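Structure assessment
Here's the letter readout for the chains.
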Amino acid sequence: MKKKVLSILLAGAMALSLTAALPVMAEEETEATTEAAAVDIDLSDKKVGVCIYQFSDNFMTLFREELVSYMVELGFSEDNITLADGANDQATQSQQIDNFIADGVDVLIINPVNSSSAQTITDKVVEAGIPLVYINREPEADEEARWEENGWDVTYVGCDARQSGTYQGEIVVDLGLDAVDFNGNGAIDYVMIEGDPENVDAEYRTEYSIAALTDAGLEVNCLDDQVGNWDQVTAQQLVANSLSQYGSDVEVVFCNNDAMALGALQAIEAAGRVVNEDIYLLGVDALSEALEDVIAGTMTGTVFNDHFSQSHSAADAAVNYLAGVGNDYYIGCDYVKVTTENAQEILDMVS
Ligand code: GAL
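The structure displayed is predicted, hence computed values, not measured ones. (Residues numbered from 1 in each chain as written. Predicted model: local features only at pLDDT ≥ 70, side-chain atom pairs only at ≥ 80, totals over all residues. Heavy atoms only, no water.)

Let's shift gears to the overall build of the protein. Along the protein, the regular secondary structure elements total 14 helices and twelve strands. In the protein, which comprises 351 residues, the proportion classed as buried is 53%. Of the contacts made within the protein by residues no fewer than 6 positions apart, 75% connect residues no fewer than 24 positions apart. (Helix = DSSP H or I, 4+ residues; strand = E, 2+ residues; numbered from the N terminus. Buried < 20%, exposed > 50% of the residue type's maximum accessible area, 1.4 Å probe, protein only. Contact = heavy atoms within 4.5 Å.)

This is how it looks when you write it as C-alpha cells:
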C-alpha cells in the first residue's frame, strides 16, 4: 500500500503534472480518515455487497480485485464480501440488489449496469436503511442532488471523464498538425470508437478528446464514429471496417478505453499500418498491455484511470458510513496522461 502511494507520487512527479499529484494527496487524506474510522469499529463481521456491471470488463476486473484486497487490508473478512456479476443486464443486477437487501448486508457498493436505473436502485436501498456507494458509472446530476437534499447515506466515487478525453486530445495536439496530417488536407482525420453510449464516460471522452483538438485551433474531420461497447473484439471489427473504407486517410483512432484500443491495434496491424509512423492510436485506462504498447511505440498514448484511488476511496467511504462518519456526496479522482515519457513508471506502479 505505502509502496503504491509512493509510486503514484513518483509517477505524478515524472508526468510533471500538478493534477497528477492531487490524487496522492486525496488518497493520503482519505487513508487517514479511514484509519481513524477503522479503529473505532470492528469491520470483521460487516457484510458487504458489491455489484459489478460486468465481470468480463478488463478495467472493472482490476477495480474489483483491488477493492477486495484493500477491504481485507482494512479489516473486512473476505468471506463477508460478496461480489455479483450483473452480466451487463440491469434486470439481473436489480435481482442481485434485492437479494443483498434480503440478506441484510451492512453496506452496498454498486457499479450500475445502467446509470439511469440509479434512482430506482437508490430508493430501494435507502428504504432498506443500507448505505450505498456508487462506483465508476456516474448517476445523473439530479439523482445525485437528491442524496444531498434528503441527507441520505449515498455517494458516488469516480473520475471526471472530461479530463480523460481532454488528455487524449492533448496528446495529439502535442504531436503537432504536421506530424499527424499524413494526407496533407490541413485537418486531423479521425475515427472514434465509443464505449457504451448510455455511459457518461463514453459521452465525455468522445466529446472532450475532439474539443481538445479544436480548442488548440486544429481542424478536425470525423471519418467514422462507432459504438464498441468497451469491447476489444467489437472494436477490432469496427476499426478493420473503417480502415478498409477510409484507408490511408485515417490519421488517428481514438478509443474510449484501452480494451478497444488493443482491438484497434490488431486491426491496424492487420491492415499493414504502423502506429506512430502512418497512424496514431489512443486509449484510456492504462491496462498493462496497453502500457507495454505505449513503451514499444505500438500505441501513441493512454490515460491512467486510477483504479487504486477509486477502489480505495469506495472502501473508505463504506467504512465511514459504517462508522457513522458520513461522506461527501461526490468523491473524485484525477486521471494521469500517459505517453512514452511516463508509461514505464505507470507500468511499474500497476503491475
Ligand atoms: C470506464 C473504463 C472502461 C470501462 C467502463 C465501464 O471508466 O475506462 O474501460 O471499464 O468504465 O463502465
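Here the narrative resumes, following the displayed structure.
Neighbouring residues of the ligand: Y53, D57, F59, N136, R137, N199, D201, R205, W230, N257, D285 and N305. A distance of 2.9 Å is found between an oxygen atom of the ligand and a side-chain nitrogen or oxygen belonging to N257. Its free accessible area being 310 Å², the ligand has 99% of it covered by the protein chains. Of the residues belonging to the shell around the ligand, the class tally is three nonpolar, four polar and five charged. (Near = heavy atom within 4 Å. Polar contact = N/O pair within 3.5 Å; in protein donor to acceptor, adjacent residues only side chain to side chain. Areas by Shrake-Rupley, 256 points an atom, 1.4 Å probe, with all protein chains shown as cover. Nonpolar A, V, L, I, M, F, W, Y, C, P; charged D, E, K, R; others polar.)

Another aspect to go through is the pairing of strand β5 (residues 154-157). Burial along β5 is two-sided: the residues V154 and Y156 and T155 and V157 are all buried. As judged from the four bridges shared by strand β4 (residues 132-135) and β5, these two strands associate in the parallel manner. Note on β5: the bridge partner recorded for I135 is V157. Bridging between β5 and strand β11 (residues 330-331) involves two bridges; their strand directions are parallel. Within β11, the position partnered with V157 by the bridge is I331. (Pairing = 2+ DSSP bridges.)

On to helix α14 (residues 343-350). Helical geometry note: an α-helix holds 3.6 residues per turn, so side chains three or four residues apart project in the same direction. Inspection of α14 places A343, I346, L347, M349 and V350 among the buried residues, and these make up the whole buried set. Down the axis of α14, the buried set is contained in an arc of 160 degrees. They therefore lie on one face. (Arc of directions from axis to C-beta.)

We now examine unusual backbone geometry. Even without being glycine, W230 reaches a positive phi, approximately 70 degrees. Among the secondary structure elements, W230 is positioned in the loop between β7 (219-227) and α10 (232-246). For A286, which is not glycine, the phi dihedral falls at a positive 65 degrees.

Below, the discussion takes up the packing of helix α5 (residues 118-127) against helix α6 (residues 141-150). It is at 10 Å that the axes of α5 and α6 come closest, and there the two elements cross at 20 degrees. It follows from the interaxial angle that α5 and α6 lie roughly parallel. When you trace α5 past α6, the crossing you get is right-handed. When α5 is examined against α6, the residues A118, Q119, T122 and D123 are found in contact with a partner set consisting of E143, R146 and W147. (Axes fitted to C-alpha atoms, helices over the stretch in contact; angles between N-to-C directions. Parallel < 35°, antiparallel > 145°, perpendicular 65-115°, else oblique. Left-handed = near helix turned anticlockwise from the far one by under 90°.)

Taken together, the six strands give an open sheet; going across it, the order is β2-β1-β3-β4-β5-β11, and neighbouring strands pair in parallel fashion. Two strands lie at the open edges of the sheet, namely β2 (81-85) and β11, each paired on one side alone. On top of the sheet, α6 reaches β4, β5 and β11; it is set at about 135 degrees to β5, its chief contact.

Attention now moves to the sheet that holds strand β6 (residues 187-194). Two strands in a sheet stick together by hydrogen bonds in their backbones, pointing the same way (parallel) or opposite ways (antiparallel). Strand order across the open sheet formed by four strands is β7-β6-β8-β9, with parallel pairing between neighbours. Of all strands in the sheet, those with a lone pairing partner are β7 and β9 (280-282), marking the two edges. Across the sheet, the mean angle separating the axes of adjacent strands is 20 degrees when strand polarity is ignored. Packed onto the sheet, helix α7 (residues 161-175) meets β6, β8 (252-255) and β9 and runs at close to 160 degrees relative to β8. In this fold helix α9 (residues 200-215) packs onto β6, β7 and β8, with an angle of close to 170 degrees to the strand it touches most, β6.

Moving on to α9. The first and last C-alpha atoms of α9 sit 21 Å apart over 16 residues, in line with the 22 Å expected at 1.5 Å per residue. Of all the positions in α9, only V200, D201, A202, R205, T206, S209, I210, A212 and L213 are classed as buried. In this fold, the buried residues of α9 make contact with α7, β6, β7 and β8. N-cap assignment for α9: the residue whose side-chain oxygen lies 2.8 Å from the backbone N of D201 is N199. Once α9 finishes, G217 follows within two positions and takes phi at roughly 85 degrees, a positive value. (Expected span 1.5 Å × (residues − 1).)

All right, on to a negative patch on the surface then. On the surface, E140, D142, E203 and E207 cluster together to form a negatively charged patch. Tracing the backbone through its elements, the reader meets E207 in helix α9. (Patch = residues over 30% accessible without salt bridge, like charges linked within 9 Å, V, L, I, M, F, W, Y side chains within 5 Å. Salt bridge = Lys/Arg side-chain N within 4 Å of Asp/Glu carboxyl O. Lys, Arg positive; Asp, Glu negative; His and termini not counted. Charge placed at Lys NZ, Arg CZ, Asp CG, Glu CD.)

You can see F55 is positioned in the loop between β1 (48-52) and α3 (58-74). Look at F55 and you get partly exposed, because its relative accessible area is 23%. Between the alpha carbons of F55 and N88 there is a distance of 8.7 Å; along the sequence they are 33 residues apart. Excluding its chain neighbours within four sequence positions, the residues that come into contact with F55 are T61, R64, L83, A84 and D85.

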